[in-house]
Amino acid sequence: MIKRCLFPAAGYGTRFLPATKAMPKEMLPVMAKPLIQYGVEEAVEAGMDIMAIITGRGKRAIEDHFDISYELESQIKGSSKEHLLDDIRALIDRCTFTYTRQIEMKGLGDAIYKGRVLIGNEPFAVVLADDLCTNGTEDGVLSQMVKIYNKYRCSIVAVQEVPMDQVSKYGVIAGKKIDEDLFMVETMVEKPDPEEAPSNLAIIGRYILTPDIFDLIAQTKPGKGGEIQITDALMAQAEKGMVMAYKFKGRRFDCGSIDGFVEATNYFYQQQKGEA
Ligand code: G1P
(Lines give C-alpha, C1' and ligand atoms only; values in the text may rest on other atoms or scores of the structure.)
Protein backbone atom coordinates (compact mmCIF):
# COMPACT_ATOMS: atom_id res chain seq x y z
CA MET A 1 0.00 0.00 0.00
CA ILE A 2 1.25 3.48 -0.83
CA LYS A 3 0.38 5.67 2.13
CA ARG A 4 2.62 8.69 1.67
CA CYS A 5 2.53 11.47 -0.83
CA LEU A 6 5.26 14.07 -1.19
CA PHE A 7 4.53 17.62 -2.31
CA PRO A 8 7.58 19.65 -3.32
CA ALA A 9 6.34 23.16 -2.60
CA ALA A 10 9.42 25.24 -1.98
CA GLY A 11 9.60 27.07 -5.33
CA TYR A 12 9.27 30.83 -5.66
CA GLY A 13 6.45 30.94 -8.20
CA THR A 14 8.12 33.78 -10.06
CA ARG A 15 5.73 33.48 -13.01
CA PHE A 16 2.93 34.65 -10.73
CA LEU A 17 4.64 37.68 -9.24
CA PRO A 18 3.45 39.89 -7.67
CA ALA A 19 0.69 37.49 -6.47
CA THR A 20 3.31 35.12 -5.07
CA LYS A 21 5.40 37.76 -3.34
CA ALA A 22 3.94 37.01 0.08
CA MET A 23 1.80 33.96 -0.76
CA PRO A 24 2.90 30.46 -1.81
CA LYS A 25 2.00 29.65 -5.42
CA GLU A 26 0.50 26.39 -4.17
CA MET A 27 -2.15 28.48 -2.38
CA LEU A 28 -3.37 30.20 -5.56
CA PRO A 29 -7.04 29.25 -5.90
CA VAL A 30 -8.75 27.71 -8.89
CA MET A 31 -12.32 28.65 -8.08
CA ALA A 32 -12.31 28.76 -4.26
CA LYS A 33 -9.82 25.93 -3.70
CA PRO A 34 -6.04 26.28 -3.47
CA LEU A 35 -3.98 24.24 -5.95
CA ILE A 36 -2.37 22.13 -3.25
CA GLN A 37 -5.77 21.05 -1.90
CA TYR A 38 -6.65 19.57 -5.30
CA GLY A 39 -3.41 17.58 -5.09
CA VAL A 40 -4.11 16.36 -1.55
CA GLU A 41 -7.63 15.31 -2.57
CA GLU A 42 -6.20 13.34 -5.50
CA ALA A 43 -3.77 11.58 -3.13
CA VAL A 44 -6.54 10.76 -0.64
CA GLU A 45 -8.67 9.34 -3.44
CA ALA A 46 -5.71 7.07 -4.29
CA GLY A 47 -5.65 5.76 -0.70
CA MET A 48 -2.86 7.92 0.77
CA ASP A 49 -3.20 9.66 4.11
CA ILE A 50 0.24 10.93 5.07
CA MET A 51 1.08 14.13 3.22
CA ALA A 52 4.74 15.09 3.30
CA ILE A 53 5.20 18.69 2.21
CA ILE A 54 8.55 20.23 1.30
CA THR A 55 8.24 23.91 2.04
CA GLY A 56 10.58 26.86 2.12
CA ARG A 57 10.65 30.38 3.43
CA GLY A 58 7.34 32.20 3.08
CA LYS A 59 5.24 29.04 2.90
CA ARG A 60 3.57 29.15 6.30
CA ALA A 61 0.12 29.63 4.74
CA ILE A 62 0.24 25.98 3.56
CA GLU A 63 0.62 24.75 7.15
CA ASP A 64 -2.16 27.03 8.35
CA HIS A 65 -4.45 25.85 5.55
CA PHE A 66 -4.18 22.22 6.68
CA ASP A 67 -4.97 23.11 10.28
CA ILE A 68 -8.07 24.16 12.18
CA SER A 69 -8.83 27.85 12.47
CA TYR A 70 -10.81 27.92 15.73
CA GLU A 71 -11.65 31.59 15.54
CA LEU A 72 -12.99 31.30 11.99
CA GLU A 73 -14.93 28.14 12.74
CA SER A 74 -16.62 29.54 15.83
CA GLN A 75 -17.42 32.72 13.91
CA ILE A 76 -19.27 30.95 11.08
CA LYS A 77 -20.78 28.11 13.14
CA GLY A 78 -24.49 27.85 12.48
CA SER A 79 -24.32 30.27 9.52
CA SER A 80 -24.95 29.52 5.85
CA LYS A 81 -21.18 29.55 5.26
CA GLU A 82 -20.33 26.69 7.59
CA HIS A 83 -20.45 24.04 4.85
CA LEU A 84 -17.69 25.81 2.89
CA LEU A 85 -15.15 24.35 5.31
CA ASP A 86 -16.54 20.79 5.16
CA ASP A 87 -14.08 19.46 2.54
CA ILE A 88 -10.94 20.89 4.09
CA ARG A 89 -12.11 19.80 7.55
CA ALA A 90 -12.55 16.23 6.26
CA LEU A 91 -9.00 16.25 4.86
CA ILE A 92 -7.58 17.51 8.15
CA ASP A 93 -9.45 14.82 10.10
CA ARG A 94 -8.31 12.06 7.77
CA CYS A 95 -4.68 12.92 6.98
CA THR A 96 -1.46 13.58 8.80
CA PHE A 97 0.54 16.49 7.41
CA THR A 98 4.28 16.53 7.87
CA TYR A 99 6.71 19.23 6.76
CA THR A 100 10.34 19.88 6.20
CA ARG A 101 12.07 22.78 4.51
CA GLN A 102 14.29 22.87 1.49
CA ILE A 103 16.82 25.47 2.52
CA GLU A 104 18.32 26.16 -0.89
CA MET A 105 16.65 25.81 -4.29
CA LYS A 106 18.78 23.05 -5.81
CA GLY A 107 16.23 21.42 -8.07
CA LEU A 108 13.31 18.99 -7.95
CA GLY A 109 15.61 16.02 -7.26
CA ASP A 110 17.01 17.81 -4.23
CA ALA A 111 13.53 18.78 -3.02
CA ILE A 112 12.44 15.14 -3.22
CA TYR A 113 15.62 14.05 -1.45
CA LYS A 114 14.77 16.40 1.43
CA GLY A 115 11.61 14.34 1.87
CA ARG A 116 13.58 11.20 2.69
CA VAL A 117 13.24 11.86 6.40
CA LEU A 118 9.43 12.08 6.03
CA ILE A 119 9.06 9.07 3.73
CA GLY A 120 11.41 6.40 5.08
CA ASN A 121 11.92 3.15 3.25
CA GLU A 122 8.63 2.74 1.39
CA PRO A 123 7.26 3.50 -2.06
CA PHE A 124 5.59 6.92 -2.25
CA ALA A 125 3.86 9.28 -4.62
CA VAL A 126 4.98 12.76 -5.68
CA VAL A 127 2.56 15.49 -6.72
CA LEU A 128 3.64 18.79 -8.23
CA ALA A 129 0.64 20.86 -7.24
CA ASP A 130 0.89 23.30 -10.13
CA ASP A 131 0.03 20.44 -12.47
CA LEU A 132 -3.69 20.25 -11.76
CA CYS A 133 -5.14 16.94 -12.95
CA THR A 134 -8.73 15.82 -13.22
CA ASN A 135 -10.49 12.82 -14.63
CA GLY A 136 -14.05 13.92 -13.89
CA THR A 137 -15.82 11.36 -11.77
CA GLU A 138 -13.52 8.52 -12.89
CA ASP A 139 -10.26 7.42 -11.18
CA GLY A 140 -7.81 10.28 -10.67
CA VAL A 141 -4.30 10.13 -12.12
CA LEU A 142 -2.67 8.91 -8.88
CA SER A 143 -5.30 6.19 -8.48
CA GLN A 144 -4.56 5.01 -12.01
CA MET A 145 -0.84 4.96 -11.22
CA VAL A 146 -1.29 3.05 -7.95
CA LYS A 147 -3.06 0.30 -9.91
CA ILE A 148 -0.06 0.05 -12.23
CA TYR A 149 2.33 0.11 -9.29
CA ASN A 150 0.49 -2.81 -7.70
CA LYS A 151 1.16 -4.81 -10.85
CA TYR A 152 4.76 -3.83 -11.66
CA ARG A 153 6.20 -2.64 -8.29
CA CYS A 154 8.54 -0.10 -9.86
CA SER A 155 8.78 3.67 -10.22
CA ILE A 156 6.24 5.19 -12.60
CA VAL A 157 6.06 8.62 -14.23
CA ALA A 158 2.88 10.07 -15.73
CA VAL A 159 3.32 11.29 -19.30
CA GLN A 160 1.31 13.06 -21.96
CA GLU A 161 1.94 13.85 -25.59
CA VAL A 162 2.82 17.50 -26.14
CA PRO A 163 3.52 19.43 -29.35
CA MET A 164 7.19 19.07 -30.35
CA ASP A 165 7.84 22.79 -29.81
CA GLN A 166 6.86 22.36 -26.14
CA VAL A 167 9.18 19.47 -25.21
CA SER A 168 11.89 21.74 -23.83
CA LYS A 169 9.63 22.57 -20.86
CA TYR A 170 9.53 18.97 -19.65
CA GLY A 171 11.36 15.79 -18.86
CA VAL A 172 10.86 13.64 -21.97
CA ILE A 173 10.88 9.85 -22.19
CA ALA A 174 11.12 7.20 -24.87
CA GLY A 175 10.52 3.53 -24.25
CA LYS A 176 9.18 0.18 -25.28
CA LYS A 177 5.42 -0.01 -25.44
CA ILE A 178 4.36 -2.91 -23.24
CA ASP A 179 0.66 -2.29 -22.92
CA GLU A 180 -1.94 0.18 -24.01
CA ASP A 181 -0.71 3.52 -22.59
CA LEU A 182 2.27 1.94 -20.78
CA PHE A 183 5.95 2.18 -21.70
CA MET A 184 9.08 0.70 -20.20
CA VAL A 185 11.44 3.67 -20.09
CA GLU A 186 14.61 3.36 -22.15
CA THR A 187 15.62 7.02 -22.33
CA MET A 188 14.74 10.05 -20.31
CA VAL A 189 16.04 13.60 -20.85
CA GLU A 190 15.35 16.75 -18.84
CA LYS A 191 14.12 19.65 -20.96
CA PRO A 192 15.70 18.69 -24.30
CA ASP A 193 15.79 20.92 -27.35
CA PRO A 194 13.18 19.68 -29.85
CA GLU A 195 15.93 18.34 -32.16
CA GLU A 196 17.32 16.20 -29.34
CA ALA A 197 14.07 15.04 -27.78
CA PRO A 198 13.64 11.25 -27.91
CA SER A 199 9.85 11.64 -28.39
CA ASN A 200 7.03 14.01 -27.51
CA LEU A 201 6.03 12.09 -24.36
CA ALA A 202 6.42 14.66 -21.59
CA ILE A 203 6.57 13.88 -17.89
CA ILE A 204 3.93 15.71 -15.89
CA GLY A 205 3.94 16.29 -12.15
CA ARG A 206 2.82 12.85 -10.93
CA TYR A 207 5.31 10.17 -9.92
CA ILE A 208 5.36 6.97 -7.95
CA LEU A 209 8.85 6.27 -6.68
CA THR A 210 10.42 3.28 -5.00
CA PRO A 211 12.63 4.28 -2.06
CA ASP A 212 15.91 3.24 -3.72
CA ILE A 213 15.48 6.53 -5.62
CA PHE A 214 16.92 8.37 -2.60
CA ASP A 215 20.38 6.79 -2.90
CA LEU A 216 20.26 7.40 -6.65
CA ILE A 217 19.43 11.09 -6.13
CA ALA A 218 22.32 11.34 -3.67
CA GLN A 219 24.62 10.11 -6.45
CA THR A 220 23.12 12.38 -9.12
CA LYS A 221 25.31 15.24 -10.29
CA PRO A 222 23.77 18.63 -11.10
CA GLY A 223 22.22 18.46 -14.58
CA LYS A 224 20.07 20.83 -16.63
CA GLY A 225 20.20 24.35 -15.19
CA GLY A 226 22.87 23.27 -12.68
CA GLU A 227 20.13 21.61 -10.59
CA ILE A 228 19.72 18.08 -9.24
CA GLN A 229 17.13 16.63 -11.59
CA ILE A 230 14.76 13.83 -10.61
CA THR A 231 14.72 12.92 -14.31
CA ASP A 232 18.44 12.03 -14.15
CA ALA A 233 18.00 9.93 -10.99
CA LEU A 234 15.08 8.11 -12.66
CA MET A 235 17.19 7.44 -15.74
CA ALA A 236 19.77 5.78 -13.47
CA GLN A 237 16.97 3.74 -11.92
CA ALA A 238 15.71 2.71 -15.36
CA GLU A 239 19.22 1.56 -16.31
CA LYS A 240 19.58 -0.54 -13.17
CA GLY A 241 16.08 -1.95 -13.11
CA MET A 242 12.78 -0.75 -14.43
CA VAL A 243 10.84 2.50 -14.67
CA MET A 244 7.45 2.79 -16.35
CA ALA A 245 5.87 5.73 -18.10
CA TYR A 246 2.09 5.86 -18.09
CA LYS A 247 -0.06 7.87 -20.47
CA PHE A 248 -2.76 8.80 -18.00
CA LYS A 249 -6.47 9.22 -18.61
CA GLY A 250 -7.87 12.65 -17.87
CA ARG A 251 -6.83 16.26 -18.26
CA ARG A 252 -3.89 18.16 -16.89
CA PHE A 253 -3.68 21.92 -16.57
CA ASP A 254 -0.29 23.59 -16.29
CA CYS A 255 -1.22 25.97 -13.49
CA GLY A 256 2.40 27.08 -13.29
CA SER A 257 1.60 29.25 -16.32
CA ILE A 258 -1.00 31.99 -16.64
CA ASP A 259 -2.55 30.30 -19.72
CA GLY A 260 -2.96 26.94 -17.99
CA PHE A 261 -4.27 28.60 -14.86
CA VAL A 262 -6.97 30.49 -16.75
CA GLU A 263 -7.87 27.32 -18.67
CA ALA A 264 -8.25 25.40 -15.38
CA THR A 265 -10.37 28.17 -13.90
CA ASN A 266 -12.66 28.18 -16.94
CA TYR A 267 -12.93 24.39 -16.89
CA PHE A 268 -13.83 24.14 -13.20
CA TYR A 269 -16.19 27.10 -13.50
CA GLN A 270 -18.05 25.37 -16.32
CA GLN A 271 -18.16 22.14 -14.30
CA GLN A 272 -19.61 23.92 -11.30
CA LYS A 273 -22.16 25.78 -13.42
CA GLY A 274 -23.19 22.49 -14.99
CA GLU A 275 -23.82 20.99 -11.57
CA ALA A 276 -25.79 23.97 -10.30
C1 G1P B 1 9.62 19.49 -13.45
C2 G1P B 1 10.49 18.32 -13.91
C3 G1P B 1 10.17 17.95 -15.35
C4 G1P B 1 8.68 17.68 -15.50
C5 G1P B 1 7.86 18.88 -14.97
C6 G1P B 1 6.37 18.55 -14.95
O7 G1P B 1 10.01 20.65 -14.16
O8 G1P B 1 11.86 18.68 -13.76
O9 G1P B 1 10.90 16.80 -15.73
O10 G1P B 1 8.38 17.43 -16.86
O11 G1P B 1 8.24 19.22 -13.64
O12 G1P B 1 5.60 19.65 -14.59
P13 G1P B 1 9.57 22.13 -13.73
O14 G1P B 1 8.21 22.36 -14.32
O15 G1P B 1 9.55 22.16 -12.23
O16 G1P B 1 10.59 23.04 -14.32
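Keep in mind that what you see is a predicted model, and the values were worked out from it rather than measured. (Residues numbered from 1 in each chain as written. Predicted model: local features only at pLDDT ≥ 70, side-chain atom pairs only at ≥ 80, totals over all residues. Heavy atoms only, no water.)

## Points about the pairing of strand β10 (residues 182-190)
Alignment of strand β9 (residues 171-179) against β10, held across 8 bridges, turns out to be antiparallel. Bridge pairing links I173 to M188 in β10. The hairpin turn running from β9 into β10, its antiparallel successor, is 2 residues long, and D181 in that turn takes a positive phi close to 70°. With 3 bridges connecting them, β10 and strand β12 (residues 243-247) associate as antiparallel partners. The residue of β12 that forms the bridge with L182 is Y246. (Pairing = 2+ DSSP bridges. Helix = DSSP H or I, 4+ residues; strand = E, 2+ residues; numbered from the N terminus.)

## Details of the site of the ligand
Taken together, 13 residues form the shell around the ligand, and within it D131, G171, E190, K191 and I203 come nearest. In this structure, an oxygen atom belonging to the ligand sits 2.9 Å away from a main-chain N or O atom of G171. With respect to the ligand, the side chain of K191 contributes an N or O atom lying 2.7 Å from an oxygen atom. In isolation the ligand offers 380 Å² of accessible surface; the protein chains occlude 76% of this area. Partitioned by chemical class, the residues of the shell around the ligand number 6 nonpolar, 4 polar and 3 charged. (Near = heavy atom within 4 Å. Polar contact = N/O pair within 3.5 Å; in protein donor to acceptor, adjacent residues only side chain to side chain. Areas by Shrake-Rupley, 256 points an atom, 1.4 Å probe, with all protein chains shown as cover. Nonpolar A, V, L, I, M, F, W, Y, C, P; charged D, E, K, R; others polar.)

## Quick notes on unusual backbone geometry
The omega torsion of the bond from L17 to P18 falls at 5°, within 30 degrees of zero and hence cis. On the secondary structure map, P18 appears in the loop between β1 (4-8) and β2 (29-30). Here the phi dihedral of D181 falls at roughly 70°; this positive angle occurs in a residue that is not glycine. A relative accessible area of 16% means that D181 is categorised as buried. Backbone geometry at K191 places phi at a positive 45°, although glycine is not the residue there. Here K191 lies in the loop between β10 and β11 (201-209). Look at K191 and you get partly exposed, because its relative accessible area is 32%. (Buried < 20%, exposed > 50% of the residue type's maximum accessible area, 1.4 Å probe, protein only.)

This is a description of form; function is not addressed.
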